[in-house]
Amino acid sequence: MAEIKFSTGGGNNMNIDGKSTKKWTIIILIVIGAAILLFNCFAIVEEGYIGVRYRLGAVVQDDLVPGLNFKIPFIEEIRMVEMRNQIYTFEGDAYTRDTQRVNNLRIKLTYRYDPNFMTELIQRVGIINIEARYLVPHVQKISRDTIGRTNAERLVQSRGDIQFEIQETLERELAPFGIIVTAVAIENIAFESEFEESIQRKVIAEQDALRMENVTVMREEEAKQVVIAAEARAESAIIEAEAEARAIEMIQQQIAQNREYIEYLKIVQWNGILPQVIGDGVNPFVVLGSENIPAQRPAQTPVEQQ
């Protein structure tokens, strides 16, 4: 019985294609692995942040500057911590020294981290826990204690002073933990409506009293100015009288010493108009000005004389 054999002529080609595909797959995997390795060799720290280098979970550096930073792939990790000002807001109630309740108290705290305490902050509480561990209890306690030592009226009228007092205390208490307080603001305080109305009435009364006081001061100043003006006029009159008396005295001395001084005064005071003589009798009138000459009557006729 004859045997039939089948032959596959493309066997060698299939083996070659399989080896080539495997080779390219390996090359691609190597390139991808190299790219991943290279990508993990660097980390970018953004502006406004500081880079913290972790090596197998431990902090080894906490002052990486913004920009491209090298790290050991899969062994080191660089995390960013924001160094710009951040805000924490406390909202709650409080009581003043005179037992007035402050409703809807809202205090805004602006702060940032101290770079010199970064490693200690991370090791002690972790950046994510700083607000809960430090800010919340300190801001609440210090704010309520400060308000509790203040009368309600002063809290309303001198809010800036209370803010400064709270800020000073927070700066002193949080500095040892590496937290720098940059500002504190009391954004809202509210009292019972009756108390607010009483404060408003008192402020209005004080303003009215101050206004009346200013009017009184103004009138007193005006009276002083009148007295000063009268004194100045009196002093001026005295000076003028003294000067006139002195002048008369000097004239008298000149007249006594020099008789010709009288003629000099006549010449100085003459207006330049010569004397005029009027009338037809033996006693003529002499006048110095034409405006004083009386109108002459016409001569009488013989008939009129009879």
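One structure accompanies this document, and this report is about it. Source: prediction; values computed, not measured.

1. Some remarks on the nonpolar core
For step 1, the next point in the chain: Of all hydrophobic cores here, the largest spans 38 residues; its most connected members are V102, L105, L109, Y113, M118, I166 and L170.
For step 2, the next point in the chain: Of all elements in the fold, only strand 2 (49-55), strand 6 (86-95), strand 7 (101-113), helix 2 (118-124), helix 3 (130-148), helix 4 (152-157), helix 5 (159-174) and strand 8 (179-190) reach the threshold of two or more residues within this core.
For step 3, the next point in the chain: If we ignore the near neighbours within four places in the chain, the residues touching M118 are I50, V52, D62, V81, M83, Y113 and I127.

2. Describing helix 3
Residues spaced three or four apart along an α-helix point in a common direction, a consequence of the helix completing one turn every 3.6 residues.
For step 1, the next point in the chain: Compared with an ideal rise of 1.5 Å per residue, which puts 19 residues at 27 Å, helix 3 spans 26 Å between its outermost C-alpha atoms and is within 8% of the ideal.
For step 2, the next point in the chain: Among all positions in helix 3, only I130, Y134, L135, H138, V139, I142, S143, T146 and I147 are buried.
For step 3, the next point in the chain: Summarising the contacts, the buried residues of helix 3 are in contact with strand 6, strand 7, helix 2, helix 4, helix 5 and strand 8.

3. Details of the sheet that holds strand 7
For step 1, the next point in the chain: Spatial ordering of the open sheet is given by 6-7-8, a layout of three strands whose pairing is antiparallel. Both outer strands of the open sheet, strand 6 and strand 8, are each paired with one neighbouring strand and no more. Ignoring which end each strand starts from, the neighbouring axes of this sheet average 20° apart.
For step 2, the next point in the chain: Strand direction decides the pairing type here: strand 7 and strand 8, joined by nine bridges, are antiparallel.

4. Considerations on the packing of helix 3 against helix 5
For step 1, the next point in the chain: In the contact formed by helix 3 and helix 5, the axes pass within 10 Å of each other and the chain directions differ by 140°. In terms of their interaxial angle, helix 3 and helix 5 are classed as oblique. Here the hand of the crossing between helix 3 and helix 5 comes out right-handed. Along the contact surface, helix 3 presents Y134, L135, H138, V139, I142, S143 and T146, while helix 5 presents I162, E165, I166, T169, L170, E173 and L174.
For step 2, the next point in the chain: Its residues assigned to classes, the contact of helix 3 with helix 5 comprises eight nonpolar, four polar and two charged.

5. Re the side chain of Q167
For step 1, the next point in the chain: In this fold, Q167 is placed in helix 5.
For step 2, the next point in the chain: Given a relative accessible area of 17%, Q167 falls into the buried group.
For step 3, the next point in the chain: Sequence-distant contacts of Q167, defined by excluding residues within four places in its chain, comprise V181, T182, A183 and V184.

6. As for the packing of aromatic side chains
Any two aromatic rings considered together are summarised by their centre-to-centre distance and by the angle between their planes.
For step 1, the next point in the chain: Under the defined criterion, the tally for this structure stands at three aromatic pairs.
For step 2, the next point in the chain: Ring geometry for F42 against F70: centres 5.7 Å apart, planes inclined by 75°, an arrangement best described as edge-to-face. With a gap of 28 residues between them, F42 in strand 1 (residues 42-45) and F70 in strand 4 (residues 67-70) connect regions that are remote in the sequence.
For step 3, the next point in the chain: By relative accessible area, F70 is classed as partly exposed at 47%.

Analysis parameters
- Residues numbered from 1 in each chain as written.
- Predicted model: local features only at pLDDT ≥ 70, side-chain atom pairs only at ≥ 80, totals over all residues.
- Heavy atoms only, no water.
- Core = buried A, V, L, I, M, F, W, Y, C linked by side-chain atoms within 4.5 Å.
- Buried < 20%, exposed > 50% of the residue type's maximum accessible area, 1.4 Å probe, protein only.
- Helix = DSSP H or I, 4+ residues; strand = E, 2+ residues; numbered from the N terminus.
- Contact = heavy atoms within 4.5 Å.
- Expected span 1.5 Å × (residues − 1).
- Pairing = 2+ DSSP bridges.
- Axes fitted to C-alpha atoms, helices over the stretch in contact; angles between N-to-C directions.
- Parallel < 35°, antiparallel > 145°, perpendicular 65-115°, else oblique.
- Left-handed = near helix turned anticlockwise from the far one by under 90°.
- Nonpolar A, V, L, I, M, F, W, Y, C, P; charged D, E, K, R; others polar.
- Phe/Tyr/Trp six-rings, centres within 6.5 Å; stacked < 30°, edge-to-face > 60°.

So yeah, pure geometry; function would need other evidence.
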